[in-house]
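# Coordinate analysis (summary)
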Amino acid sequence: DRTEEGLALAEALLTRDLAPEQRLRALQFRANIAVLLRRYESAFESLGEALSIEIDVDDPEPVIATLNMAAYMLGRVGEYELGIEYGERALAMAREIDQPQDACVALQRLAPVYKWADRPEQSERTYREGIRVCGEVGNTLFVGVHQHGLADLLRREGEAEPALPLAETSIQTLEDAVYILGEYEARLVRAEILFDLGRLDESWREELVRLNDYFTDRTLWDQAARLELLKSELAAASGDFEAALNQLHDYIDARESFLGRERSMRLAYLQVEFDSRLQRQ
């Protein structure tokens, strides 16, 4: 959970005179860390530069990593079809060179883009395939990420009962893998599932406080907004409408902070769009 330090190290590395392959890898590190921190301007700057680097096309692994990065980030700015195209190309290349570890990562990048594009059946298949492939190569971290994503998808599709054990398992898996951000995101999904099932009672108050502190301390406004909306719905369900209204105001504030970053992310995307389309050829 020392993500800021990781980003600073990646940026320090990029000040050096690196070989093209090393620079590409450092840019991929910086982009992935920046996405975790919701620093989308930095992430798209990294993507734009990564797409401009000429590398040996006989070695597809750096290309796969860049395609994976592009798939997820383009999905985040609403360019679903383009993101899916990148993700499917990355997955096909990983399978072509028989690299299941790369396929594991590609599946994890592609599954949420299907979800955002409102393709739940394809998303579910991809998440389940990711759980299988990542499990076979021993990548327990990505197994947990896939489980968390699938639990969230099933909840959105009204399948809260099968989603709950997936969320519980993902929390433990991500905790064991020491991926604290992923663990807390999975805990939020579990809370939402419990609310849908009518099981989110007073005994979970301390858990909600922990989630709130974690997301707000790190200015993760998208997750903070989801949590505030959940707390508003929980208060309304208990008949405390004044508290529900206050939580709704907090939701609007967090949502506005998130949308501000979304607008910045969209602008950053537009700035690299030409390079992206050129490099796709």
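Everything numeric here is computed off the predicted structure, so don't read it as measured data.

Quick look at the overall build of the protein chain now. A count of helical and extended segments in the protein chain gives 13 helices and zero strands. Ordered by position from N to C terminus, the α and β elements of the protein chain give α-α-α-α-α-α-α-α-α-α-α-α-α. Taking 2.2 N^0.38 as the reference for a compact globule, 281 residues should give roughly 19 Å; the C-alpha atoms of the protein chain span a radius of gyration of 19 Å, in line with that estimate. For the protein chain, the C-alpha atoms occupy an extent of roughly 65 × 35 × 30 Å along the three principal directions. The 281 residues of the protein chain split such that 48% are buried. Summarising the internal contacts of the protein chain: among those between residues at least 6 apart in sequence, 61% fall at separations of at least 24. Surface summary for the protein chain: the accessible area is close to 13800 Å², and the carbon and sulfur share equals 49%. Within the protein chain, the 54 negative side-chain charges are centred at a point lying 1 Å from the centre of the 32 positive side-chain charges.

Attention now goes to the nonpolar core. Ranked by size, the top nonpolar core spans 42 residues in total, and within it Val-35, Leu-47, Met-69, Met-73, Ile-84, Tyr-86 and Leu-91 carry the most contacts. Residue assignment for this core shows that the elements contributing at least two residues are α2 (20-36), α3 (40-52), α4 (61-76), α5 (80-96), α6 (100-116), α7 (120-136) and α8 (140-156). Each residue touching Val-35, except ones within four places of it in the same chain, is listed here: Tyr-40, Ala-43, Tyr-72 and Met-73. If you look at the next biggest cluster of nonpolar residues, it comprises 29 residues, including Ala-111, Ala-151, Leu-188 and Leu-211.

Looking now at the environment of Val-189. If you trace the backbone, Val-189 turns up in helix α10 (residues 180-196). For Val-189, a relative accessible area of 2% puts it in the buried group. Through-space distance from the C-alpha of Val-189 to that of Asp-152 is 6.0 Å; in sequence the pair is 37 residues apart. Those residues in contact with Val-189 that lie beyond four places of it in its chain are His-148, Ala-151, Asp-152, Arg-155 and Arg-226.

For the rest of this paragraph, the subject is the pattern of salt bridges. Using the criterion set out here, one finds 23 salt bridges in the structure. Across the pair Glu-129 and Arg-132 runs a salt bridge whose closest N-O atoms are separated by 2.6 Å. One end of the pair, Glu-129, and the other, Arg-132, are both in helix α7, three residues apart, so they sit about a helical turn from each other. On the accessibility criterion, Glu-129 (24% relative accessible area) is partly exposed. In this structure, the salt-bridge partner of Arg-156 is Asp-152, at a minimum N-O distance of 2.9 Å. One end of the pair, Arg-156, and the other, Asp-152, are both in helix α8, four residues apart, so they sit about a helical turn from each other. Residue class for Arg-156 comes out partly exposed when judged on its relative accessible area of 46%. Among the residues examined, Asp-152 registers a relative accessible area of 4% and is labelled buried. By sharing partners, the salt bridges in this structure join Lys-115, Asp-152, Arg-155, Arg-156, Glu-192, Asp-196 and Arg-226 into a single network.

With that settled, consider unusual backbone geometry. The residue Val-178 is not glycine, and still its phi comes out positive at about 60 degrees. Among the secondary structure elements, Val-178 is positioned in the loop between α9 (160-176) and α10. Residue classification places Val-178 among the exposed residues on the basis of a relative accessible area of 60%.

Inspection of the entire model under this criterion finds three aromatic pairs. Pairing Tyr-72 with Trp-116 gives two aromatic rings, centres 5.3 Å apart and planes at 65 degrees, and the pair type is edge-to-face. Here the residue Tyr-72 occupies a position in helix α4, and Trp-116 occupies one in helix α6, the gap between them amounting to 44 residues. On the basis of relative accessibility, which here comes to 26%, the residue Trp-116 falls in the partly exposed class. Ring centres 5.9 Å apart and planes at 80 degrees place the aromatic pair Tyr-214 and Phe-215 in the edge-to-face group. With relative accessibility at 6%, the residue Tyr-214 sits in the buried group.

Reading guide: rules and limits
- Residues numbered from 1 in each chain as written.
- Predicted model: local features only at pLDDT ≥ 70, side-chain atom pairs only at ≥ 80, totals over all residues.
- Heavy atoms only, no water.
- Helix = DSSP H or I, 4+ residues; strand = E, 2+ residues; numbered from the N terminus.
- Rg over C-alpha atoms; globule rule 2.2 N^0.38 Å.
- Buried < 20%, exposed > 50% of the residue type's maximum accessible area, 1.4 Å probe, protein only.
- Contact = heavy atoms within 4.5 Å.
- Areas by Shrake-Rupley, 256 points an atom, 1.4 Å probe, with all protein chains shown as cover.
- Lys, Arg positive; Asp, Glu negative; His and termini not counted.
- Charge placed at Lys NZ, Arg CZ, Asp CG, Glu CD.
- Core = buried A, V, L, I, M, F, W, Y, C linked by side-chain atoms within 4.5 Å.
- Salt bridge = Lys/Arg side-chain N within 4 Å of Asp/Glu carboxyl O.
- Phe/Tyr/Trp six-rings, centres within 6.5 Å; stacked < 30°, edge-to-face > 60°.

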